[in-house]
Amino acid sequence: MSGTEADTGSLTLAEQYLTQPAPVRRIPEGSLTPRAALHILQSEVLLDGDPSKNLATFVTTWMEPEARTVILENLHRNFIDHAEYPRTAEIANRCVRMLHHLYNGPGEPEAPGTACAGSSEGVMLGALAMKWRWKKARETAGQATDKPNLVYGADVHVVWDKFCRYFDVEPRQVPIARGRTVVGPDELEPHIDENTIGVVAVVGTTFTGECDDVLGIDALLGRLRSERGLDIPMHVDAASGGFVFPFSHPEFEWDFRLESVKSINVSGHKFGLVYPGVGWLVFRDEEQLPEELVFYEDYLGERDATFTLNFSGSSALILAQFYNFIRFGREGYASLVRAMNTNRDALAARLGEEDALELLSGEPRLPLVIARVRDEEDFTGTDLVGELAQRRGWMVPAYEMPPDNEGQQIMRMMVKINQSRELADALADDIHVSIADLRKRAAGQRVKRPVHRGHGY
Ligand SMILES: *Cc1c(COP(=O)(O)O)cnc(C)c1O
């Protein structure tokens with residue numbers, strides 16, 4: 001309510017506008033002053049969680065003031081108007097080339113990929129490219145093209161099932177064996193045949209932040225190529241890992257160093273450290289993109305090629321990605337990933353002292369802590385995260401592992417750059433007290449409900 005002032009005579013904004021419920025069904029007939037509209041909106045959004053305490057999301061919740069300036073100054077620049085904004089188009093291509101280089105792609109292709117709204121659009125486009133390449137090869141060989149399938153583990157993001165349903169491809173989702181959290185060549189091989197348009201491997205899964213056995217899958221695809229003449233591409237879903245592992249584990253070969261990897265998607269808005277709304281699809285080489293998927297139009301004065309699902313969209317986040325690339329450089333990204341991993345390790349060390357919790361370990365992994373409430377306890381992960389939300393507004397997800405691992409409820413705490421050591425320690429303190437309270441309550445003792453203390457003490 002700061003800045004409230006009289007607009008009409010002696011009526012305050014508060015009395016004029018803030019005494020009514022917000023419109024929910026119809027666009028109001030009349031207009032408001034900008035300030036009243038802003039107050040109404042801001043006061044309502046306050047009821048949402050504070051993104052800084054959201055340890056559930058992989059998505060960037062903090063950017064530098066200069067990056068925010070880039071965003072503010074370019075929100076009105078429509079990215080698709082390549083003819084009008086050729087520099088912006090060129091900057092997007094630079095980002096694609098830089099990623100191609102970061103992922104050890106061969107040669108120096110001009111535009112080996114595209115900017116997207118996020119990894120989901122990148123996945124749709126990358127998978128469509130695989131489908132069309134498969135279709136063309138089958139047609140050329142005079143073979144049927146009515147039964148395409150895509151092979152992946154149950155540890156993938158839901159976007160892969162979505163692609164299969166939207167674009168009419170049979171999803172061959174391979175279950176994760178009990179006790180395992182990722183997939184490798186042995187599980188995938190029986191599902192691959194001549195109708196397989198591609199195999200998907202996840203580098204940094206949504207469930208545990210681990211990686212499918214990309215090296216093993218690459219070896220399998222190499223063998224299928226030489227022994228059975230099946231030429232099947234691998235697409236790597238590096239939505240999160242694509243901006244982590246090149247810096248934290250540069251020796252880990254998951255990218256174009258592997259012969260079978262033909263395309264990679266990465267979310268700029270996850271560890272690319274840009275606010276939500278940008279992702280990337282990167283091809284090994286320009287041959288991976290079938291010409292049929294490129295549309296040419298000249299609505300805006302110049303013949304222009306597009307390979308997207310969306311049309312108009314802001315340039316702001318794409319330009320902010322380039323800002324980050326030149327601002328941080330590889331050294332800066334490496335330093336930021338180290339900082340996240342250091343705080344992740346500090347949080348893990350504290351939680352490792354809790355005998356109620358069991359921690360998942362193993363590298364390479366995204367900067368997150370995965371914990372499970374031991375079976376002996378009389379409370380669940382859901383109880384614990386509920387307690388944490390109540391205590392200080394922490395948002396920590398508790399969820400089930402993929403099918404065949406039912407009952408394996410885990411909690412995931414993502415440690416992003418805004419999760420400072422102080423915040424990690426505060427979370428560990430709150431987890432400690434919450435566990436003690438939950439145990440007392442389970443033992444029938446009366447325990448005072450925690451009071452949300454907001455920021456600090
Ligand atoms: C987040 C994520 C996606 C979806 O990415 P968006 O950028 O949110 O569209 C896909 N795959 C994995 C592994 C992810 O972590």
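As annotated in an unreviewed UniProt entry, the protein carries the name Glutamate decarboxylase and is attributed to Capillimicrobium parvum. Check the Cofactor (unreviewed entry) section of the UniProt entry for the protein; it says "pyridoxal 5'-phosphate".

Covered by surrounding structure in strand S7 (residues 234-237) are Met234 and Val236 together with His235 and Asp237, the residues of both alternating faces. In this structure, strand S6 (residues 196-202) lies alongside S7, joined through four bridges in parallel fashion. When the bridges of S7 are listed, Val200 appears paired with His235. In this fold, S6 hands off to helix H8 (residues 214-228), which returns the chain to S7; that crossover is right-handed. Pairing between S7 and strand S8 (residues 261-267): four bridges, direction parallel. Among the inter-strand pairings, His235 is bridged to a residue of S8, identified as Ser263.

Quick look at the UniProt feature "modified residue: N6-(pyridoxal phosphate)lysine" (unreviewed entry) in the protein now. When the UniProt feature table is mapped onto this chain numbering, "modified residue: N6-(pyridoxal phosphate)lysine" (unreviewed entry) sits at Lys270. Looking at the element boundaries, Lys270 is found in the loop between S8 and strand S9 (279-283). Filtering out sequence-adjacent residues up to four positions away, Lys270 remains in contact with Phe58, Val59, Thr60, Ala239 and Ser240.

Take the packing of helix H3 (residues 65-74) against helix H10 (residues 316-352) next. Two elements in contact, H3 and H10, have axes separated by 8 Å at closest approach and are oriented at 150 degrees. As far as their axial angle goes, H10 and H3 are roughly antiparallel. Here the hand of the crossing between H3 and H10 comes out right-handed. The residues of H10 that touch H3, namely those facing Glu66, Ala67, Val70, Ile71 and Asn74, are Ala316, Leu317, Leu319, Ala320 and Tyr323. Split into classes, the residues belonging to the contact of H3 with H10 amount to eight nonpolar, one polar and one charged.

Rules used in this analysis
Residues numbered from 1 in each chain as written. Predicted model: local features only at pLDDT ≥ 70, side-chain atom pairs only at ≥ 80, totals over all residues. Heavy atoms only, no water. UniProt positions renumbered as here; feature names shortened; annotations may be inferred. Buried < 20%, exposed > 50% of the residue type's maximum accessible area, 1.4 Å probe, protein only. Helix = DSSP H or I, 4+ residues; strand = E, 2+ residues; numbered from the N terminus. Pairing = 2+ DSSP bridges. Right-handed = clockwise from strand over helix to strand, strands pointing away. Contact = heavy atoms within 4.5 Å. Axes fitted to C-alpha atoms, helices over the stretch in contact; angles between N-to-C directions. Parallel < 35°, antiparallel > 145°, perpendicular 65-115°, else oblique. Left-handed = near helix turned anticlockwise from the far one by under 90°. Nonpolar A, V, L, I, M, F, W, Y, C, P; charged D, E, K, R; others polar.

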